[in-house]
Structure formats: C-alpha cells, structure tokens
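Topology and contacts: notes
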Amino acid sequence: MAIIDRQTATLALAHALSAAERGLPVFPLSATKLPALRSPHHGEDPPVRCRGACGLPGHGVHDATTDPAAVRALFAAAPRATGYGIACGRDPHRLIGIDLDIDGAHGNDSVAALQQIALQHLFTIPATVTVLTPSGGRHLWLTGPSGITVPNSASRLAQGIDVRGSGGYLVGPGSVTTHGRYRLAPGTAHLSPAPCPRALLRLLTPPARPHPTSRPSRAGQGQGLVQFVLAAHEGQRNTRLFWAACRAYEHGFGDALADALTDAAVRTGLSEQEARAAIASAARLTSERPEAL
C-alpha cells in the first residue's frame, strides 16, 4: 500500500509539471488512478453533460493542460492527488498508449502477443518511452498522425493489450497509486515517443461502420437499459449499472450508450466517477470473453 503524504503530493505535481513542459497535457489523479477532482456538476438534476465548457475544473481528462499555471491550480484544488494522468490523442504529440498487462496466473503474455502481431503484420515495435506499472505490466508511448483518431479499446488487439487513444489517458511515470509507483523503464527516459508503425495504426483504427438506415430494435434496447438503470434503488445502483453496461457492450453499442448510462446512474445517486468506473469494468469484462476477441 502506497503511503499518501505531503511529499507524495509534491512529487506528483513536480512530475506533472515536467511532463507539461514536454507538451504532454496533464491533470491530477487520486491513488485509485481516477481523476482527483470531483465533477462540479455532481448531483445536478437533470444531469449535465459537460466536458469542461463551463470553465470549472473537475472534468477528468478534459481538464488536461500543458499550461504550468493551470497545472498548479488543478493540483492546488486536489491536495490529495498522488499522481497525474496524461491525455492521449491531444496535440502536439497525439499520444497513443499501448498497455501491456501481465497475468501470470492465467498464462497471458501480452508482450509476446504484441511481438507476434508485429511479425504477422510485418512491422517493428520501435524503441520508445516505456513506463513500468506496479502490477508488472508496461505502457508503450507512441504518437499518431494528424487527422487520425485512435479509439480506446480493451483486449481487442489481443488478450491483455489495451489501447488508450482519443479521450483516454495514461498514468504518468512518478505517479503513486494504492498498488505502487509508475516508473520509466531503464534506458527509455531519454527517448521521445516514437511514431506508431503504419501497419499497427491500421489495426488500431478499424474502418468506420456504415450508418444503418434503420435500427429500431437496437435503439429501443439501449433505451431499455437506460430505464433499467434509472429504476435502481439504493443497494442496486452499481449492480444494475454494471449489468446494463455489460449487455450494451455485448451487443456492440456500449461506447455509444456510455454517456446515457452514466447520466442515468448519476440521477440514481452514484457519482460520475463511480459510474464511469463501473462502465469501464463492464467494457473490460466483455472484451475478455472469447466471442468479443
């Protein structure tokens, strides 16, 4: 268990400022790796969908900035922050994070899986900034070209390989969580994020799906899941939200319904952070099932 003290918070700010100086948009994280600032719209009825347009802090990854004064202000408002997040997909680097999880208990070797994908699709994994995670995994930092949006995904590329793209974030090196410290891998501190190989980029950006002319059953099912969450009583909120999110992801429209499910959960009394954490867990769970690979 990491010790949360003033020194930890001070170091988190220092690491965040250093990252911001290199053009990486940052914001404060708690020891749980969630945004450290509570949404200013928490408890509002009807729920407010805001990605920072109100000008107030507390919008998670949408707070991310490279301005040193703004970074200091965010951390001043979050004195118990123990780390920082780095927003992916943002200029100038348009960072893409390849999260390689290690699961020895189940025999998953995501590093070997990525190497196999590289051999199969004829590209080389470049030398790049690499961050070691407390669980034994690693994050590879790559950069994307302008005009291409890389979506977030969990185990879609291969089991144990998650991708952080537009709208996602990576825990920055030097951050401390309840499970330990994130740190730069030896020999990579001097590197800059390498451009993502084109063949890998094609795998990370699946072709856009054609717009259906009529999908009343899917739309209706989505609204039914939202109503299912809205009907939750105290003691049922997390369970109902998680169940609904799992069904949405299993049927292929989880990302499209995520905001509506979050709004519904907030109306029942959950915080936005709790709701989004439950939905993210559902996304990971469903992506790990064989039929979703």
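The following paragraphs examine the structure supplied in this document.

1. So, the packing of helix α1 (residues 6-21) against helix α2 (residues 68-77)
Following both chains from N to C, one finds α1 and α2 inclined at 155°, their axes separated by 10 Å at the closest point. Our classification of the angle between α1 and α2 gives roughly antiparallel. Like other packed secondary-structure pairs, α1 and α2 cross with a definite hand, here right-handed. Facing α1, whose interface residues are A12, L13, A16, L17 and A20, α2 presents P68, V71, R72 and F75. The residue inventory of the contact of α1 with α2, partitioned by class, reads eight nonpolar, no polar and one charged.

2. Side note on the layout of surface pockets
Where empty space is left in the structure can be found by rolling a water-sized probe over the atoms. When its volume is computed, the second largest pocket comes out at roughly 260 Å³. R22, L24, W141, A189 and L191 are the residues nearest the centre of the second largest pocket, which is lined by 16 residues in total. Per-element accounting of the lining of the second largest pocket gives the leading share, three residues, to α1. Here the lining of the second largest pocket is composed, by residue class, of ten nonpolar, five polar and one charged.

3. Digging into the nonpolar core
If you look at the biggest cluster of nonpolar residues, it comprises 29 residues, and the most contacted ones within it are V26, V71, F75, Y84, I86, L95 and W141. Broken down by element, the residue count for this core peaks at six residues, all from α1. Apart from residues no more than four positions distant in its own chain, L95 is found in contact with L24, I86, A87, C88, G89, R90, W141, L142, R164, L170 and P193.

4. Remarks on empty space enclosed by the protein
Across all of its chains, the model carries one cavity of 30 Å³ or more by this definition. The space that makes up the largest cavity amounts to roughly 30 Å³. Along the walls of the largest cavity sit I98, L114, I125, P126, L140, L142 and L200, which together make up its complete lining.

The rules behind the values
Residues numbered from 1 in each chain as written. Predicted model: local features only at pLDDT ≥ 70, side-chain atom pairs only at ≥ 80, totals over all residues. Heavy atoms only, no water. Axes fitted to C-alpha atoms, helices over the stretch in contact; angles between N-to-C directions. Helix = DSSP H or I, 4+ residues; strand = E, 2+ residues; numbered from the N terminus. Parallel < 35°, antiparallel > 145°, perpendicular 65-115°, else oblique. Left-handed = near helix turned anticlockwise from the far one by under 90°. Contact = heavy atoms within 4.5 Å. Nonpolar A, V, L, I, M, F, W, Y, C, P; charged D, E, K, R; others polar. 1 Å grid on protein atoms, 1.4 Å probe; cavity = no way out; pocket = protein on both sides within 12 Å on 5 of 7 lines; lining within 4 Å. Points joined across faces, edges and corners; volume = space filled by probe spheres on them. Core = buried A, V, L, I, M, F, W, Y, C linked by side-chain atoms within 4.5 Å. Buried < 20%, exposed > 50% of the residue type's maximum accessible area, 1.4 Å probe, protein only.

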